[in-house]
Structure formats: structure tokens, C-alpha cells
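Each chain is listed here by its residues.
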Amino acid sequence: MFRYTSQPFMCNTLMQRVLPILWLVATLDGCTTTPKQRIAAEMVAPTGMTKDDAQYAIPTRSDRIGRIVVPVTINGQPDFHLMLDTGATHSVLTSKAASRLQLNVDEASISAVQGVFGQIDAHVLNIDQLQSGTLKLHNLRMPVIDGSVVSELDGILGAEGMEDKIITADFVHDRIRIADASSLHTNALYAVIKFALVSRRLVVVEGMVGRVPVRAVIDTGGTQTLGNLALLEALTKTHRKQQSADSGVIDITDKLEYGKLLLAPEIKLGPAIINNATIVFSDFGVFTVWHLDKRPTLLIGMDVLGQLAELSINYRRQELQVRLR
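Here is a short report on the structure shown in this document.

Parameters at a glance
Residues numbered from 1 in each chain as written. Predicted model: local features only at pLDDT ≥ 70, side-chain atom pairs only at ≥ 80, totals over all residues. Heavy atoms only, no water. Helix = DSSP H or I, 4+ residues; strand = E, 2+ residues; numbered from the N terminus. Contact = heavy atoms within 4.5 Å. Areas by Shrake-Rupley, 256 points an atom, 1.4 Å probe, with all protein chains shown as cover. Buried < 20%, exposed > 50% of the residue type's maximum accessible area, 1.4 Å probe, protein only. Pairing = 2+ DSSP bridges. Axes fitted to C-alpha atoms, helices over the stretch in contact; angles between N-to-C directions. Phe/Tyr/Trp six-rings, centres within 6.5 Å; stacked < 30°, edge-to-face > 60°. Polar contact = N/O pair within 3.5 Å; in protein donor to acceptor, adjacent residues only side chain to side chain. Core = buried A, V, L, I, M, F, W, Y, C linked by side-chain atoms within 4.5 Å. Arc of directions from axis to C-beta. Salt bridge = Lys/Arg side-chain N within 4 Å of Asp/Glu carboxyl O.

Overview of the overall build of the chain
Scanning the chain from terminus to terminus reveals six helices and 26 strands. Long-range pairs, those at least 24 residues apart, make up 66% of the contacts in the chain between residues at least 6 apart in sequence. Summed over all atoms, the accessible surface of the chain reaches about 13,300 Å², with 48% contributed by carbon and sulfur.

Some remarks on the pairing of strand β24 (residues 297-300)
The alternating pattern of β24 places T297 and L299 and L298 and I300 on opposite faces, both of which are buried. When strand β17 (residues 212-218) meets β24, the two strands line up parallel, connected through four bridges. Bridge assignment links V217 to a residue of β24, and that residue is L299. Note that strand β18 (residues 226-227) and β24 share two bridges and pair antiparallel. Each residue of the ladder has a partner; that of L226, found in β24, is L299.

Looking at the sheet that holds strand β12 (residues 165-170)
The strand order across the open sheet formed by five strands is β13-β12-β25-β26-β14, and the pairing between neighbours is antiparallel. Both outer strands of the open sheet, β13 (175-180) and β14 (191-194), are each paired with one neighbouring strand and no more. Averaged over all adjacent pairs, the angle separating strand axes in this sheet is 15°, with direction ignored. Note that strand β25 (residues 310-314) and strand β26 (residues 319-323) share five bridges and pair antiparallel.

Section: the environment of M142
Relative to the elements of secondary structure, M142 occurs in strand β10 (residues 135-143). For M142, a relative accessible area of 0% puts it in the buried group. Setting aside anything within four residues of it in sequence, one finds M142 in contact with S91, V92, L93, H123, V124, L125, I127 and L130.

With respect to the packing of aromatic side chains
Applying the stated criterion to the full structure yields two aromatic pairs. Plain terms: the ring middles of F195 and Y315 are 6.3 Å apart, the flat faces sit at 75° to each other, and that makes the pair edge-to-face. Placement of the pair is F195 in the loop between β14 and β15 (196-198) and Y315 in the loop between β25 and β26, with a sequence separation of 120 residues. As far as the burial class goes, F195 and Y315 line up, both buried.

A short note on the side chain of D154
Of note, D154 is situated in the loop between β10 and β11 (155-157). Among the polar contacts listed, one links the side chain of D154 to the backbone nitrogen of H81, at a separation of 2.8 Å.

Regarding the nonpolar core
Ranked by size, the top nonpolar core spans 64 residues in total, and within it L130, L157, M162 and L320 carry the most contacts. In this structure, L226, V280, F284 and L299 belong to the second largest nonpolar core, which totals twelve residues.

A word on the environment of I65
Within the element layout of this structure, I65 appears in the loop between β4 (56-58) and β5 (67-74). Among the residues examined, I65 registers a relative accessible area of 1% and is labelled buried. In the structure, I65 is positioned 157 residues away from G222 in sequence and 9.6 Å away in space, judged by C-alpha atoms.

Description of helix α4 (residues 229-238)
Here α4 has its buried residues at A230, L231, A234 and L235. Along the long axis of α4, the arc covered by the buried residues comes to 130°, so they all point the same way. Away from the buried face of α4 by more than 90 degrees, exposed residues T236 and K237 are located. Buried positions along α4 lie against β16 (202-209), β17, β18, β23 (278-281) and β24.

Quick notes on the pattern of salt bridges
Within the structure shown, the criterion is met by twelve salt bridges. Notably, a salt bridge pairs R323 with E310, separated by 3.0 Å at the nearest N-O pair. Within this pair, whereas R323 is found in strand β26, its partner E310 is found in strand β25, the two being separated by 13 residues in sequence. Residue classification places R323 among the partly exposed positions, given a relative accessible area of 27%. What makes E310 buried here is its relative accessible area of 10%. Residue E319 is joined to R317 by a salt bridge in which the shortest nitrogen-to-oxygen separation is 3.1 Å. Salt bridges sharing common partners tie together K96, R100 and D154.

Have a look at this one:
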């Protein structure tokens, strides 16, 4: 058993700040990508990023929420930087990246992009090859999406092609590695949490929030931990009423809705115990898309994950390996 406590400033900051959270669900040939989200842009911008830097696993600090930025080569061209999103089944490019690749966005096919509260149409590009570490993907279809979540990046790297990989984010040394899972062994010094794969690519851990059993999706693309209404209802029944704050939520269609921000009871995920985490609750449509709306469910974002010393996701063994600071 090990324990870590979310930084107290996070609760104070979130209780005072309206949270613009962005969600994206893009339909591609019957496949659905899963959500992306953002907190205020100044809190997630990768600091100190230069062309010569190799890899980034940016931890959560008092001045911003961390994230994981992966260097990739696209169609043989290096030096693209994509945010790793384990809650996304497909990858996304920005129009800036498309321009660098000399791809004509206006002539690309169009696919519906479903936000939490509405839909927009996005151009979808055909990409011959994307590579990062041992990850090599061919013949991809990537929607072109712009916005503050990727304003200083070239897009989002989803979980496609990760079936036999292990992703290791070292938040102490700000490093991210994608390797073949067969080449690495479980480190006995790390806590191990078994997970299941939902929709073939979503990493889902069984856990508890207070006295309520939950499913928790590990979402490195999310800045804030989110909960569905089933969890909110269960917590209301089993725990005394807590103070909450309204949290403004805006999706990819720019429609604004409001959720409730609460300080969560103790969260248990396998041997991990998390205190002082905050959760935004609302009727987020993505839970319905994933068929996770009926049972209490969490999306664990980088506000929690970024406070670890190291996080490894072994897709082949279906194990999380975590190390505290």
C-alpha cells in the first residue's frame, strides 16, 4: 500500500477558477476517438520546449497542470510534438502541422466531430506514417483540430498501435519513452495496478472513491479529473454533503455548460491511495459514448497523474506501474 496527496493549491485554484474543459469525439470509419480536455491555456503550455529537446513528461506543479509531450516523425519529417492522450483511440493533427507536411486540408474528406454537447465537421487527412520510439503506424486517418489545447503543439497522439507497447513517463527527469513491452520487465520497486481495456484501448482500473466502487479511466490527455452523474449520486448517498463550486465546461463546439467541482473523498486504485483530489461532475456525453454512464466512473487526469514520480502503462501485461516522489 502506498499513499500520495494531491497538492492543496490545486483544490484552492480550481475552486476559484472557471474551468474551460475541451472534449473531442471524432468518428472515423465507424471508430470513435475519445475525449481531449484543457484547463486554462497558461496552465498547460509546455514550458522550456525547444526544437533540440527530446522528450517531455511535464509534472503537475503549483503554476500549471502537467502533461506528456511526445516527439514524433510524420511522413518522414521529424520534430513534431504531440500530446500523449491515453484516453484517445485515434490521433489528431493541427492545421499548422498539416501545413508543414504540405497537405491540403481544404481538399481532405470531412468527418463529424462530436463534442460533449454538440457536433462539428472536421477535415480528415490521410497520413502515410507516424513514428515515435518503437511505435510505427501506417495509413492513418487523422482529423485536423485547432484550439488552445494544442496551441503550442502539433496535435494529439492517441492509443492506436499501443497494444504491444509500454509507455513510461518519468516526471522527475521530464522524459517519456515508448518501447516494446516484451523488452522490459516489471520493476519490483514500483507499485503495480492491474487494468482492463475498454473499447480495446481505454485503460480502466477498478477502485474506490470513499465507500463507492468505481471504474477509473487513466486519461493522460485530461487536465482535470472528471466524474459521471452516477458517481455523484452514489457519493451523495454515502457521504455527507460537501461544498461545491460551479465549473464552466466548454466542448469542441464552443457550447458552454456547467458542472459541479467537489473535493473528493479518499480515492483508492489498487495499492494507491489518493487524498485531496478534486472532481468535476456533470452529464458528460462521453461517458454514454463509452457505455460508462450507468456505473460510477472517473476519468483520472493529469492533475493527479502528473504528481507521480513515474508512470508506466504496459498494454501487453495490462499493468500500471507507479512510483511516488
